[in-house]
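# Structural features, examined
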Amino acid sequence: MDDVRNFILRQEGDQREVMLYFHNLLTSFPTVSSAIKYRIPFYDQKTWVCYLNPLKNGKVSLCFLRGYELSNEQGLLESKGRKQVLSVDFGSVDEIPKDTIREIINEALFLDEAVPYNPKGKSITK
């Protein structure tokens, strides 16, 4: 069993279920791989796309590293004072708007594939 799955299975209750749902969804994309980085699960394609953060309040935060570049047409993602990362928290699988989350993940994967990463505030020199 891989490190990410082991990490998820060590969580309890709803956190485990939410993380398992997102892990299965994200790894269903053939171009996405997972690994433990900074002691939590990260999901990569060309670069880091998102990560799952189990919170002390029992929820799980789905965080998009290039969140500020996403359209957020759904209005689901929050900055929480961060400049790059946008996220949404869930306390149970029943709370997850599955079609909306799939749209956001598809957009994040498309962005990662199509647009080179440019850290906010950094200029690209040619």
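Look above for the structure.
If you're wondering where the values come from, they're calculated on a predicted model, not measured in any experiment.

Quick look at the sheet that holds strand β3 (residues 48–54) now. Spatially, β1-β2-β3-β4-β5 is the arrangement adopted by the five strands of the open sheet, whose pairing is antiparallel. Strand pairing shows two members of the sheet lacking a second neighbour, β1 (33–37) and β5 (86–90), which therefore form its edges. Pairwise comparison of adjacent strand axes, ignoring direction, gives a mean angle of 25 degrees for this sheet. As paired strands, β1 and strand β2 (residues 40–44) are joined by five bridges and run antiparallel to one another. Looking at the pairing, Ser-33 lines up with Asp-44 of β2.

Okay, unusual backbone geometry next. Outside of glycine, negative phi angles account for most residues, and trans bonds account for most peptide bonds. Of note in this structure, Tyr-38 is not a glycine but carries a positive phi near 55 degrees. Mapped onto the secondary structure, Tyr-38 falls in the loop between β1 and β2. The class of Tyr-38 is exposed, set by a relative accessible area of 64%. Positive phi, close to 70 degrees, is recorded for Arg-39, a residue that is not glycine. With respect to the helices and strands, Arg-39 occurs in the loop between β1 and β2.

Thresholds, definitions, all that
- Residues numbered from 1 in each chain as written.
- Predicted model: local features only at pLDDT ≥ 70, side-chain atom pairs only at ≥ 80, totals over all residues.
- Heavy atoms only, no water.
- Pairing = 2+ DSSP bridges.
- Helix = DSSP H or I, 4+ residues; strand = E, 2+ residues; numbered from the N terminus.
- Axes fitted to C-alpha atoms, helices over the stretch in contact; angles between N-to-C directions.
- Buried < 20%, exposed > 50% of the residue type's maximum accessible area, 1.4 Å probe, protein only.

Honestly, it's all geometry; don't read function into it.
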